[in-house]
Structures are given as C-alpha cells and as structure tokens.
Amino acid sequence: MFKRIFNWFKRKLGFGAVVSIPKVPTTEPTIEVAAPTNPLGSVATSKVILGNVQGIIAGEYKMIAEAVELANKVLSSQEFKDEVLKTRFTSTEGMTNADIFKKMTEQAIVNVTMFYGSYMQNFVWKTQGYEQGDGVVYANRYFITKAHEMASLIIHEVSHQKGFHHVHAGEYTSVPYRMNEIFETVSEQIGINESV
Ligand SMILES: [Zn+2]
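What counts as what
- Residues numbered from 1 in each chain as written.
- Predicted model: local features only at pLDDT ≥ 70, side-chain atom pairs only at ≥ 80, totals over all residues.
- Helix = DSSP H or I, 4+ residues; strand = E, 2+ residues; numbered from the N terminus.
- Contact = placed C-beta atoms within 7 Å.
- Buried ≥ 20, exposed ≤ 12 C-beta atoms within 10 Å, placed from the backbone.
- Arc of directions from axis to C-beta.
- Pairing = 2+ DSSP bridges.
- pLDDT = per-residue confidence, 0-100.
- Core = buried A, V, L, I, M, F, W, Y, C linked by C-beta atoms within 7 Å.

Digging into the overall build of the protein chain
Here is step 1: Looking only at helices and strands, one finds 7 helices and 5 strands in the protein chain.
Here is step 2: When the helices and strands of the protein chain are placed in sequence order, the string is α-β-β-α-α-α-β-α-β-β-α-α.
Here is step 3: Here the contacts in the protein chain between residues at least 6 apart in sequence split such that 68% fall between residues at least 24 apart.

Some thoughts on unusual backbone geometry
Here is step 1: Although it is not a glycine, E93 adopts a positive phi angle of roughly 55°.
Here is step 2: Among the secondary structure elements, E93 is positioned in the loop between α3 (78–86) and α4 (97–104).
Here is step 3: Look at E93 and you get partly exposed, because 13 C-beta atoms sit within 10 Å.
Here is step 4: A positive phi angle, near 55°, is found at K126, a position not held by glycine.
Here is step 5: Looking at where K126 falls in the secondary structure, it is placed in the loop between α5 (119–124) and β4 (129–130).

Side note on α3
Here is step 1: Those residues of α3 not exposed but buried are F80, E83 and V84. Relative to the axis of α3, the buried residues are bounded by an arc of 95° and lie together on one face. Along α3, the residues that are exposed and aim more than 90 degrees away from the buried face are Q78, L85 and K86.

Quick look at the pairing of strand β5 (residues 136–140)
A regular strand places its side chains so that they alternate between the two faces of the sheet.
Here is step 1: Counting buried positions along β5 gives 5 out of 5 residues, so the element sits mostly inside the fold.
Here is step 2: Along β5, one buried face is formed by V136, Y138 and N140 and the opposite face, lined by V137 and A139, is buried too.
Here is step 3: Pairing geometry for strand β3 (residues 108–115) and β5, over 5 bridges, is parallel. Within the sheet, the bridge partner assigned to F115 lies in β5 and is N140.
Here is step 4: Where β4 lies against β5, 2 bridges are found, and the strand directions are antiparallel. If you follow Y130 over to β5, its bridge partner there is Y138.
Here is step 5: Hairpin connection, β4 to β5: the antiparallel pair is bridged by 5 residues, and G133 has positive phi, about 80°.

Things to note about the environment of H148
Here is step 1: Residue placement: H148 occurs in helix α6 (residues 147–161).
Here is step 2: Residue H148 is classed as buried on the basis of its C-beta count, with 21 C-beta atoms lying within 10 Å.
Here is step 3: Residues H148 and A71, spaced 77 residues apart in sequence, show a C-alpha to C-alpha distance of 8.6 Å.

Thoughts on the confidence of the model for the protein chain
Here is step 1: In this model, the protein chain carries an average pLDDT of 85, and 77% of its residues clear a pLDDT of 70 or more.
Here is step 2: Per-residue pLDDT stays below 50 along residues 5–22; that stretch engages in 4 contacts with residues further than four places along the chain or on separate chains.

A look at the nonpolar core
If you look at soluble globular proteins, the nonpolar side chains tend to sit buried side by side.
Here is step 1: If you look at the biggest cluster of nonpolar residues, it comprises 41 residues, and the most contacted ones within it are A67, A71, V110, M150, A151 and I154.
Here is step 2: Elements supplying a minimum of two residues to this core: β2 (48–56), α2 (60–75), α3, α4, β3, β5, α6 and α7 (175–189).
Here is step 3: Among the elements that make up this core, the one with the highest residue count is α2 (8 residues).
Here is step 4: Setting aside residues up to four positions removed in sequence, A71 forms contacts with V48, A151, I154 and I155.

Have a look at this one:
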C-alpha cells in the first residue's frame, strides 16, 4: 500500500523508474554487517533464511536474527498448518488454503533493511515496514524494536513477496494481515514469549 503511495508521489514528482523509495534520513549512526550465510541452524529445514542486513544500529542484528528464528519456529509448526488450513482468507489469488500453506512454507531468503520513519510514516501512516518487490523487508525502527514484532513483519512482507496482496491497509482478512494474526495465535500456542 505504501509502495503504491510512494510510486504515485514518484510519478507526480516526475522521478524516473530507477529512483528507489525515498530513503528516510536518520540521525543515528548505522553500520552495515555482512550476514553469515546461515546463522540459524539448518538451511535445508529453514522456511526463511536471513540474507543481507543493512542500515542497522547496535543490537538490531541480534534482534533480526532472533526474529528469523521465531518466524521459522512458527512456519514449521503443525499449529501454523492447522491455522492456515482453517482460516478464511480474502484476496487469495485463486489459491486454496492448502495452496497458501504450501506457498508460505516454501523457502525464502529475506534481506532486511532497517530505517527510521519519517513524520508521516511514524505518526500518520503508522508504517511498520514495507517491501517493494526486491526481496528486502524494510523495517521501521520507530515501531520494530523486538524480535517478536520483527518476526510478524517478516511473515507479512514475505507473503507479499510470494504474491499476496491487500487491497488497502484495512483488509484484515487478506493473506498478509492474516499472517500477522496467525503468527500471534501460533506463537502463543507454541509458547513463544511476546517480550522477546
Ligand atoms: Zn502489507
């Protein structure tokens, strides 16, 4: 949704297609760290593999790595399968619940770029994050400060990358928003502590 708004602005402002989403200036120092290829157990069994991490400040790499681990725990659980199979989705791209489950548990590489949101993103649009089709999850550190929040964001944005959409930010029955809801339900069922 925000991608669409940005694209609209880009068109209005006459920028070419090569212009990326405006980078939000941050006053905080950032360091870039090359991610280890597989920080979190077996690649073969991971649903989500952490790729490049950019724009992070102290402590965020650990938070992101923990989030990928949480996302994998949830996506690999029987509880996740059960929830996906029984949930009513809209904007399914013609897929059955079984198709959605299969798609969501196919292995995906997730690159994460942290940013600090603009006034509009933080206070008006409440943009926790977004993706723009380049395999990167952009995460707004104004909202995303814990692994649990990051894991939920990753699952939402990964569903976009797998082709699911919401027609507007309030389509809570769409696959991406249902993924946030299912993440909460399943993490409670399998005992993931929300404070992490
Ligand atoms: Zn979304």
